[in-house]
Amino acid sequence: MAIADTQGLANRHITLSATQTFIAATAFSKRIKTISPEQNIGLLLPTSAAGALANMATLLLGKTVVNLNFSANEKAIQSAITQAEIKTVYSSKLFIKKLARKGIDLTDALDGIKIIYMEDLKASIGRLEMASRWLMIRCLPARLLRIIYCASNDANNTAAILFSSGSEGMPKGVMLSHKNIMANLKQISNVLNVQSDDVMIASLPLFHAFGLTVNQFLPLIQGLPMICHPDPTDVVGTAKAIAKFRVTIMCGTSTFLRLYTKNSKVHPLMLDSLRVVISGAEKLNHEISQNFQLKFNKPVYEGYGATETTPVASANLPDTLDSQFWQVQIGCKPGSVGMPLPGTSFRVVDPDTEQELPTDQDGMIMIGGAQVMQGYLKNPEKTAAVIRESNGQRWYITGDKGHIDKDGFLTIIDRYSRFAKI
């Protein structure tokens, strides 16, 4: 199994094997190629099988995915569409109806844009086409399949553009390359010590880097089952999916984790299979972390990053025992955001002079590594304001204040921003 969707296009549970996923992605890719000759493809889909397939189908063509933030205001959505020069948006009839029931009407925001529904694309795929694709995928080696189905691409080309919500002015488009995304998901899987029997719950939105990289690309590229539940606030539904599919890895935010501790319908046994719980995108509230561990007997490990770093830069991890020298290797310090991922560097500098500061002294945090974004879409001035190059390495100026201790753990002390909107 590659993907399980608790709701699906027809509002019913579906599962897809790796072969079925590849067949569907190539079939959708063929149709997107015919409909949309432009480079940037707009997607308005939840974290679902349809959302994952649309993203992968677009990337197979060598095009750039732009997952639109449906929680943003109308002007922000229109600005994102204009900046990315989006002419076509792929969505779902069921999803549009669900948004309307929640009071989100995107009619004006999408005015003048061609809307293509995944349900219609699915209906156009015949059994004979599916059978022929299945035969090719089962019989041909990966090398030939890559030539047939994958457009020739440069790892430094833009794979995804992610827009901010626009709550502070017009949204900025963060351009992430294939190299950015592949590097970051490899870094994450390395520190998580991803195992062959791991299963990932995917509920974070695909318009956010945390959802796109960690919830979608990581399981699909690493070969882990991706269990989709599109509403992260529906903790009962998510908990049922975790229990049913024996999920081992869950990533969330402090705001969403609070819902698990507060909801009496979420029994501790429903989360029994979890091996690791990672919190990111906003500061982890100590009380929430404590209550989560008391209720579910699962520690919450806090990570850190930004959309501009694809997004993960550091994470706390479980302590491990070195059986050779019988020493405990400390992987977690509560209150910190952990140590940098492999291939990632932190610098703490004076905000005015950008001179590096000594250990334990607070200053501006800079992040260096292969996951640092290409830049902001059509905005070289803002890109230049946050990107520095030094000794062949690109550094992102986060705007966060903090310090690094003697053991290499980073602690953030200022500029707290909430991820979830009330």
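Trainee: How would you sum up the overall build of the chain? Please name residues and give values.
Mentor: What the chain contains, in helices and strands, is 13 helices and 23 strands. Counting every position in the chain, which comprises 422 residues, the buried fraction comes to 54%. Of the contacts formed within the chain by residues at least 6 apart in sequence, a portion of 70% connects residues at least 24 apart. Put simply, the chain shows about 19600 Å² of open surface, and 53% of that area lies on carbon and sulfur atoms. Seen as two clouds, the 43 positive and the 35 negative side-chain charges of the chain have centres 10 Å apart.

Trainee: Residues and numbers for the pattern of salt bridges, please.
Mentor: Inspection of the entire model under this criterion finds 12 salt bridges. Each of Lys333, Asp405, Lys406 and Asp407 takes part in a single network of salt bridges with overlapping partners.

Trainee: Requested: an account of the layout of surface pockets, with residues and values cited.
Mentor: The space that makes up the second largest pocket amounts to roughly 980 Å³. Lining the second largest pocket are 29 residues, with Phe22, Met56, Leu60, Cys150 and Ile221 sitting closest to its centre. Elements that contribute at least two residues to the lining of the second largest pocket include exactly helix H1 (18–35), helix H2 (49–60), helix H7 (142–149), helix H8 (178–191) and helix H9 (209–222). Here the lining of the second largest pocket is composed, by residue class, of 22 nonpolar, five polar and two charged.

Trainee: Describe the packing of aromatic side chains, and please don't skip the residues or the numbers.
Mentor: Evaluated as defined, the whole model comprises six aromatic pairs. For the pair Tyr260 and Phe292, a centre-to-centre distance of 6.4 Å together with 75° between the ring planes defines the contact as edge-to-face. In this pair, Tyr260 sits in helix H11 (residues 254–262) while Phe292 sits in helix H12 (residues 286–296), placing the two residues 32 residues apart along the sequence. Neither residue differs from the other here; Tyr260 and Phe292 are each classed as buried. Ring pairs connect the aromatic residues Phe70, Phe95 and Phe207, which therefore count as one cluster. Positioned above the aromatic ring of Tyr376 is the side chain of Lys172, whose terminal nitrogen or guanidinium carbon lies 5.4 Å from the ring centre. The ring of Trp395 carries Arg347 above its face, with NZ or CZ at 5.2 Å from the centroid.

Trainee: Go over the nonpolar core, please, and point to the residues and values.
Mentor: Nonpolar side chains in soluble globular proteins tend to end up buried together. Core analysis: the biggest nonpolar cluster contains 62 residues, and Phe28, Tyr90 and Met118 have the highest contact counts within it. Among the elements that make up this core, the one with the highest residue count is H2 (eight residues). Ile227, Val235, Val236 and Ala241 belong to the second-largest nonpolar core, a separate cluster that totals 24 residues.

Trainee: Hey, could you go over a nonpolar patch on the surface for me, with residue numbers and the actual values?
Mentor: A cluster of nonpolar side chains, Leu321, Trp326, Val328 and Ile330, forms an exposed patch at the surface whose accessible area comes to about 450 Å². Within the fold, Trp326 resides in the loop between strand E15 (320–322) and strand E16 (327–329).

Trainee: I'd like a description of the packing of H1 against H2, backed by residues and values.
Mentor: Close contact between H1 and H2 brings their axes to 8 Å; oriented N to C, the two are set at 60°. Classified by the angle their axes make, H1 and H2 are oblique. For the pair H1 and H2, the crossing hand works out as right-handed. Touching Thr21, Ala24, Ala25, Thr26, Phe28, Ser29 and Ile32 of H1 are Leu53, Ala54, Met56, Ala57, Thr58 and Leu60, all from H2.

Trainee: Residue-level account of the environment of Ala239, with values.
Mentor: Examined against the element boundaries, Ala239 turns out to sit in helix H10 (residues 235–245). It is 38 Å that separates the C-alpha atoms of Ala239 and Gln83, two residues lying 156 residues apart in sequence. Residues contacting Ala239, with those up to four places away along its chain left out, are Val266, Met270 and Leu271.

Trainee: I'd like a rundown of the pairing of strand E4 (residues 64–67), residues and numbers included.
Mentor: Alternating residues of E4 divide into Thr64 and Val66 and Val65 and Asn67, and every residue in both groups is buried. The pairing of strand E3 (residues 40–43) with E4 spans four bridges and is classified as parallel. Residue Leu43 lies in a different strand from E4, and its bridge partner there is Asn67. Of the crossover connections in this fold, the one passing from E3 over H2 to the parallel E4 is right-handed.

Trainee: Residue-level account of the environment of Thr233, with values.
Mentor: Here Thr233 lies in the loop between strand E10 (226–228) and H10. Along the backbone, Thr233 and Trp395 are 162 residues apart, and their C-alpha atoms lie at a distance of 34 Å. In this structure Thr233 touches Phe256 and Leu259, once residues within four positions along its chain are discounted.

Trainee: Outline the packing of H8 against H9, listing residues and values.
Mentor: Any two packed helices are characterised by the angle at which their axes cross and by the distance between the axes. In contact at an axis separation of 10 Å, H8 and H9 are set at 80° when each is read in the N-to-C sense. Overall, the two elements H8 and H9 adopt an arrangement that is roughly perpendicular. Where H8 abuts H9, its residues Ile181, Met182, Asn184, Leu185, Lys186, Ile188 and Ser189 lie against Thr213, Val214, Phe217, Leu218, Ile221 and Gln222. Split by residue class, the contact of H8 with H9 holds eight nonpolar, four polar and one charged.

Trainee: An account of a negative patch on the surface is needed here, citing residue identities and associated values.
Mentor: A cluster of acidic residues, Glu74, Asp105, Asp108 and Asp111, forms a negative patch at the surface. Residue placement: Glu74 occurs in helix H3 (residues 74–83). The class of Glu74 is partly exposed, set by a relative accessible area of 39%.

Trainee: Tell me about the state of the cysteines, and name the residues and values.
Mentor: Enumeration over the complete set of coordinates arrives at zero disulfides. Take Cys139: it sits in no disulfide, and the sulfur closest to it among the cysteines is that of Cys150, at 18 Å. Left unpaired, Cys332 is separated from the closest cysteine sulfur, that of Cys251, by 15 Å. Under the relative-accessibility criterion, Cys332 is labelled partly exposed at 22%.

The rules behind the values
- Residues numbered from 1 in each chain as written.
- Predicted model: local features only at pLDDT ≥ 70, side-chain atom pairs only at ≥ 80, totals over all residues.
- Heavy atoms only, no water.
- Helix = DSSP H or I, 4+ residues; strand = E, 2+ residues; numbered from the N terminus.
- Buried < 20%, exposed > 50% of the residue type's maximum accessible area, 1.4 Å probe, protein only.
- Contact = heavy atoms within 4.5 Å.
- Areas by Shrake-Rupley, 256 points an atom, 1.4 Å probe, with all protein chains shown as cover.
- Lys, Arg positive; Asp, Glu negative; His and termini not counted.
- Charge placed at Lys NZ, Arg CZ, Asp CG, Glu CD.
- Salt bridge = Lys/Arg side-chain N within 4 Å of Asp/Glu carboxyl O.
- 1 Å grid on protein atoms, 1.4 Å probe; cavity = no way out; pocket = protein on both sides within 12 Å on 5 of 7 lines; lining within 4 Å.
- Points joined across faces, edges and corners; volume = space filled by probe spheres on them.
- Nonpolar A, V, L, I, M, F, W, Y, C, P; charged D, E, K, R; others polar.
- Phe/Tyr/Trp six-rings, centres within 6.5 Å; stacked < 30°, edge-to-face > 60°.
- Lys NZ or Arg CZ within 6 Å of the ring centre and 35° of its normal.
- Core = buried A, V, L, I, M, F, W, Y, C linked by side-chain atoms within 4.5 Å.
- Patch = residues over 30% accessible without salt bridge, like charges linked within 9 Å, V, L, I, M, F, W, Y side chains within 5 Å.
- Axes fitted to C-alpha atoms, helices over the stretch in contact; angles between N-to-C directions.
- Parallel < 35°, antiparallel > 145°, perpendicular 65-115°, else oblique.
- Left-handed = near helix turned anticlockwise from the far one by under 90°.
- Pairing = 2+ DSSP bridges.
- Right-handed = clockwise from strand over helix to strand, strands pointing away.
- Disulfide = S-S within 2.5 Å.

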